[in-house]
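Residues per chain are reported as follows:
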Amino acid sequence: MRISVVMAVYNGEQYVEQSIRSILKQTYTDFELIVVDDGSSDQTWTILEQLSDSRIRRFRLSQNGGAAKALNLAVQYATGEWIAIHDADDLSHPERLSIQVEYVRCNPKLVAVGTQIACFGDRNIPPARLYKVERALNQPEKKLYSDRYSICPLCHGTALISKTKFLQAGGYDPLYKVTYDYDLWLKLFQLGPIGKVSRALYRYRIHTHSLSQKNGNTTYIEKLLCCVRRLAQFDLPQRAKPPRLIILGNEKLCRLMMKSVVSHCPVQIHSYIHNRIETHADSICQLTRQGEIDGIIQLHHKERKSMTQHLLQKGLVLNRNLFNL
């Protein structure tokens, strides 16, 4: 099985060589490494030119266009049947590709497979932060699909993806600067199952310079955008008019949805509810039964767990007409 490892790097002089060498040390040998320098202004390209290994293919973009565009370009150049992702500041275990290839061979219906991760970071990153990210991204395989709208299924750099399915899904959407990977997982789920090796074969670096660390609010908005767009596309009834939704959440998150999310999504909002949410359960269910509402989106609020149980008991179905984001 031929693998194309793809990497996009922007101003990554501090970590990119170490990251690349972790791929070159793989025990699996049938691979190429395609690195796209996404318009770096530091010494990244010089470092890439100095790496002498016939498995490396280098491409340099004149302007920074974002990781999604750079990775889509890398996949266009790929000669492998499967695409392995590797982020430019992370490290792979030497047996990562070997184990993932064997996992795919044993599970031929998979469209992609990731691995568990171990987090590490700069000195100013508190251990609690590392543990939180590790816990979030180490969801077991059995929960990846059911929890797809609440937690990102895979750590991006761990993924091994069928090139055919990647292209069929439309690749990465350049609209997203941070959550382009999350959006891809949601699209791939429509084409087949995604697996996860239950071993930490990838070291995920947390540092203050990453986009997701710089602006958590922007990242969260992007996450909501891709989730609402994909659930409207894949899970709600396809009708002539956009699906009608009720949004449940605390007042701050309801305002965020109203201001920054729903106006960019193919949906109509029936109402936002943020006060005494549980008292609205019966009316919400009645509106759903009458066909006036296609779905309910729950953001974080203090009553969410009990409200979810209440709505499920009344006949709503998780990820069909009830979505916890």
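Refer to the preceding data block for the structure.
Points about the overall build of the chain
Here comes step 1: The secondary structure content of the chain amounts to twelve helices and twelve strands.
Here comes step 2: Viewed in the frame of its principal axes, the chain has a C-alpha envelope of about 65 × 40 × 40 Å.
Here comes step 3: Taking all 325 residues of the chain together, 55% fall into the buried category.
Here comes step 4: In the chain, the proportion of contacts linking residues at least 24 apart, taken out of those at least 6 apart, comes to 78%.
Here comes step 5: Placing the 43 positive and 30 negative side-chain charges of the chain at their respective mean positions leaves the two points 5 Å apart.

Brief notes about the sheet that holds strand β11 (residues 295-298)
Strand pairing in a sheet relies on backbone hydrogen bonds. The paired strands run either parallel or antiparallel.
Here comes step 1: The four strands lie next to each other as β10-β9-β11-β12, forming an open sheet whose pairing is parallel. With partners counted over all chains shown, the strands left at the sheet margins are β10 (268-273) and β12 (322-324), one partner each. Averaged over all pairs of adjacent strands, the angle between their axes in this sheet comes to 20°, without regard to strand direction.
Here comes step 2: Pairing analysis gives four bridges linking strand β9 (residues 244-248) to β11, with the strands arranged parallel. Bridge pairing links L248 to Q298 in β11.
Here comes step 3: The strands that helix α10 (residues 251-261) touches are β9 and β10; relative to β10, the one it contacts most, it runs at about 160°.
Here comes step 4: Across the sheet, helix α11 (residues 281-289) is in contact with β9, β10 and β11; its angle to β9 comes to roughly 165°.

Quick notes on the pattern of salt bridges
Here comes step 1: Within this structure, the stated rule accounts for twelve salt bridges.
Here comes step 2: Among the salt bridges present, the one from E32 reaches R2, with a minimum N-O distance of 4.0 Å. A residue pair is termed long-range when its members are at least 10 positions apart, and E32 in strand β2 (residues 31-38) and R2 in the segment before β1 (3-9) qualify at 30 residues.
Here comes step 3: Residue classification places E32 among the buried positions, given a relative accessible area of 4%.
Here comes step 4: One salt-bridge network, in which partners are shared between bridges, spans R2, D30, E32 and R57.

Considerations on the sheet that holds strand β5 (residues 91-92)
Here comes step 1: Strand order across the open sheet formed by eight strands is β3-β2-β1-β4-β7-β6-β8-β5, with mixed pairing between neighbours. Looking along the sheet, the strands with just one partner apiece sit at the ends: β3 (56-61) and β5.
Here comes step 2: Inspection of the sheet shows β1 paired to strand β4 (residues 82-85) by four bridges, in the parallel sense. Bridge pairing in β4 links V6 to I85.

A short note on the nonpolar core
Note that soluble globular proteins tend to have their nonpolar side chains buried in a common cluster.
Here comes step 1: Within the largest apolar cluster, 67 residues are counted, with the highest numbers of intra-cluster contacts made by I161, W185, L188, I194, Y204, I297 and L325.
Here comes step 2: At eight residues, helix α9 (residues 216-234) tops the list of elements feeding residues into this core.

Some points on helix α3 (residues 67-77)
Here comes step 1: Those residues of α3 lying buried are A68, A70, L71, N72, L73, A74 and V75.
Here comes step 2: Looking at the buried residues of α3, the elements they touch are β1, β2, β3, β4, α6 (163-169) and α7 (180-188).

What about the state of the cysteines?
Here comes step 1: Enumeration over the complete set of coordinates arrives at zero disulfides.
Here comes step 2: Among the cysteines around C152, which has no disulfide bond, C155 carries the closest sulfur, lying 8.0 Å off.
Here comes step 3: No disulfide involves C227; its sulfur sits 4.5 Å from that of C226, the nearest cysteine.
Here comes step 4: The exposure class assigned to C227 is buried, which follows from its relative accessible area of 0%.

Observations concerning the environment of D90
Here comes step 1: Looking at the element boundaries, D90 is found in the loop between β4 and β5.
Here comes step 2: A relative accessible area of 0% places D90 in the buried class.
Here comes step 3: Considering only alpha carbons, one finds D90 and A68, 22 residues apart in sequence, at a separation of 17 Å.
Here comes step 4: When sequence neighbours within four positions are dropped, the list of residues in contact with D90 reads S19, S22, Y202, R203, Y204 and R205.

Criteria and thresholds
Residues numbered from 1 in each chain as written. Predicted model: local features only at pLDDT ≥ 70, side-chain atom pairs only at ≥ 80, totals over all residues. Heavy atoms only, no water. Helix = DSSP H or I, 4+ residues; strand = E, 2+ residues; numbered from the N terminus. Buried < 20%, exposed > 50% of the residue type's maximum accessible area, 1.4 Å probe, protein only. Contact = heavy atoms within 4.5 Å. Lys, Arg positive; Asp, Glu negative; His and termini not counted. Charge placed at Lys NZ, Arg CZ, Asp CG, Glu CD. Pairing = 2+ DSSP bridges. Axes fitted to C-alpha atoms, helices over the stretch in contact; angles between N-to-C directions. Salt bridge = Lys/Arg side-chain N within 4 Å of Asp/Glu carboxyl O. Core = buried A, V, L, I, M, F, W, Y, C linked by side-chain atoms within 4.5 Å. Disulfide = S-S within 2.5 Å.

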